[in-house]
Amino acid sequence: MNHISGDRHSGPTRRALLTAGAGAALVAGCSRGGASGAPAAASSGSAPPTAAAGGLTPGAMTLFKDPAYNFNGLLALGGSGAGAAEVGEVLTAVNTINDAGLTAQTYVQTFRALGDRLLEAPPGAPADGQTKRFRALRAAQYYGQALFFVLGSDDPGSEEQLYKAGRGAWDTFCGLCEPAPVKANVPYGATPLPVWFFRPDTSGTPRPTVILTNGSDGQNVDMWTYGVPAALDRGWNALVYDGPGQGQLLFVDQVVFTPTWEKVVTPLVDWLTARADVDPDKIALTGLSMAGDLAPRAAAFETRIAALVAMPGCLEPWLGFPPEIRKILTPSKQETNDIWNKEVVPELPPDAADVMKKRFEPFSVPAMLEARRGKLFTDFYTPATRIQALSITDVVGRIKAPTLVLDYEGEQFYPGQPRRMYDALTSPRDYLKLTAAQGAQLHCSPMAPQLHCEVVFDWLEKTLLNR
């Protein structure tokens, strides 16, 4: 834990540090894809927070001047290869937003309207099932884009409604798939986990299966882009699910993240192994973005996981926040919250406040509900300690499954952590960095999810099917 000297009169104040350093870092680092914080700034707080990645979106890769919005726009554009977006639709939305002036409001309004339009009848002849299916998938993508920034818009209270719109589009898409995924609720404490089990066919043939784990702010459509078609095309099953702090469990059921992710994955494995169309010896687990911490945690305890992929590897999500933010946390809840409310909040720039609302809501129901009322949370200590508790440095050595650790050139959120994870593993392991030369730079390769899936599934096939 980082501490600040008790001498309030020596050196810059926390307030000055936050305003000059972390505020800028938070604004720059807000991104959809599951990272639980902003890019780590230099320890001095003096380096530009996006310096490491600033040259990695040149020319046409810069959709928005603001790196947070740009990253999200690139994620939407990257979904096109899986049918989860349309290039022309995304670029037209980008132009509309830029022409109106980039704000959370214009971003949310534009992408929400695009989602609404896609659920209406298309121009020309009446839509057949295939057209309705992929229009619904794209709508889910665009609602997800709007959802990410809604807390900074003029209507933050519409967050749950906007989530439900995206979820409805996703369920419409799933219902039109052939075969449709099996929908179920897997027991988990008092709140079951919604799952969607995709199969290549209904023959009942036992097949290898991949459990696709989302990050802290991704939606189901992201799991489609980052794995479902790739699995089906190779004859694999794929399981998509919402865990604590994600999707339905967060926005509707109000269940926040848990540090014991094995208690989430074990019921999923129980459910899968009870099915005749699952090969119980070939169950793989992937974790995208912050789930590069969650999935390894689960694999450290759930021994039925036969292969693991961390995308990227992450040992300590708390380090994804700038040091100026981390320094607010002290061993005392009262002191921490006094610092937050009396020194930090009064000087927090509005854009940075919106980022903090988004970053902390998966870890605190009160923070989420306050954000929906347009207010910033007052209890910093509770969600911060919950994020700290996600550290897996003490359990990663327990992992027995063969593991692929991905890294990305220009990784904004967890720089250096993938290599740290690789070095800490004692199981058979591989490390691979995706690069700008491949168009696969930045956290989770937003512009290259097809390449991303090729890398992951080639490794899974080699690891599970050719051993």
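Residues numbered from 1 in each chain as written. Predicted model: local features only at pLDDT ≥ 70, side-chain atom pairs only at ≥ 80, totals over all residues. Heavy atoms only, no water.

Visitor: Before we go on, may I ask you to explain the nonpolar core in this structure?
Guide: One recurring pattern in soluble globular proteins: nonpolar side chains tend to sit buried together. In terms of nonpolar packing, the biggest core is built from 79 residues, with Trp170, Phe198, Val210, Trp224 and Leu460 touching the most fellow members. For this core, the element with the most residues is helix H5 (residues 129-149), which contributes ten residues. Among residues more than four places away in sequence, those in contact with Leu460 are Val210, Trp236, Ala284, Ala307, Val309 and Leu465. Core analysis: the next-biggest nonpolar cluster, separate from the first, contains 64 residues, Phe197, Phe257, Leu376 and Leu425 among them. (Core = buried A, V, L, I, M, F, W, Y, C linked by side-chain atoms within 4.5 Å. Buried < 20%, exposed > 50% of the residue type's maximum accessible area, 1.4 Å probe, protein only. Helix = DSSP H or I, 4+ residues; strand = E, 2+ residues; numbered from the N terminus. Contact = heavy atoms within 4.5 Å.)

Visitor: Help me understand unusual backbone geometry, please; the structure alone is not making it clear to me.
Guide: Glu178 connects to Pro179 through a cis peptide bond whose omega is -5 degrees. Relative to the assigned elements, Pro179 resides in the loop between helix H6 (159-175) and strand S1 (182-186). Residues Met311 and Pro312 are joined by a peptide bond in cis, for which omega reads 0 degrees. Tracing the chain through its elements places Pro312 in the loop between strand S6 (307-311) and helix H12 (323-326). The backbone of Cys444 shows a phi angle near 65 degrees, a positive value even though the residue is not glycine. Within the secondary structure, Cys444 sits in the loop between strand S8 (429-434) and helix H18 (449-465). Here Ser445, not a glycine, exhibits a phi torsion of approximately 50 degrees, which is positive. Here Ser445 shows up in the loop between S8 and H18.

Visitor: Hey, could you run me through the environment of Tyr142 in this one?
Guide: Within the secondary structure, Tyr142 is located in helix H5. Considered as a pair, Tyr142 and Leu114 are 28 residues apart in the sequence and their alpha carbons are 6.7 Å apart. Among residues more than four places away in sequence, those in contact with Tyr142 are Ala85, Glu86, Glu89, Val90, Phe111, Leu114, Gly115 and Leu118.

Visitor: Sorry if this is basic, but what is going on with the sheet that holds strand S5 (residues 278-288) here?
Guide: Pairing between the strands of a sheet is mediated by backbone hydrogen bonds and can be parallel or antiparallel. With respect to topology, eight strands assemble into an open sheet ordered S1-S2-S4-S3-S5-S6-S7-S8, the strand pairing being mixed. The open sheet has two edge strands, S1 and S8, and neither has a second partner. With strand direction ignored, the average angle separating the axes of adjacent strands in the sheet is 20 degrees. Relative to strand S4 (residues 237-241), strand S2 (residues 193-198) runs antiparallel, the two sharing four bridges. Within the sheet, the bridge partner assigned to Phe197 lies in S4 and is Leu239. On top of the sheet, H18 reaches strand S3 (207-213), S5, S6, strand S7 (403-408) and S8; it is set at about 160 degrees to S6, its chief contact. (Pairing = 2+ DSSP bridges. Axes fitted to C-alpha atoms, helices over the stretch in contact; angles between N-to-C directions.)

Visitor: Looking at this structure, how should I read the confidence of the model for the protein chain?
Guide: Predicted coordinates in areas of low pLDDT are best not read in detail. Taken as a whole, the protein chain shows an average pLDDT of 90; of its residues, 88% reach a score of 70 or greater. Low pLDDT (under 50) marks residues 1-22, which in the prediction has 37 contacts with non-local residues, meaning those over four places away or in another chain. Segment residues 27-53 is flagged for pLDDT under 50; beyond a separation of four residues in sequence, or across chains, it makes 98 contacts in the model. (pLDDT = per-residue confidence, 0-100.)

Visitor: How do you make sense of the packing of aromatic side chains when you look at a structure like this?
Guide: Note on aromatic pairs: each is described by the distance of the centres and the angle between the planes. Inspection of every chain in the model, using the stated rule, returns 29 aromatic pairs. Note on Trp170 and Trp196: the rings are 6.1 Å apart at their centroids and 80 degrees apart in plane angle, and the pair reads as edge-to-face. One end of the pair, Trp170, is in helix H6; the other, Trp196, is in strand S2, and 26 residues separate them in sequence. An angle of 10 degrees between the planes, with centres 5.1 Å apart, marks the rings of Trp340 and Phe377 as stacked. On the criterion of sequence distance, the pair formed by Trp340 in helix H13 (residues 333-344) and Phe377 in the loop between helix H15 (365-372) and helix H16 (381-388) is long-range, its members being 37 residues apart. Accessibility assignment for this pair places Trp340 and Phe377 in one class, buried. (Phe/Tyr/Trp six-rings, centres within 6.5 Å; stacked < 30°, edge-to-face > 60°.)

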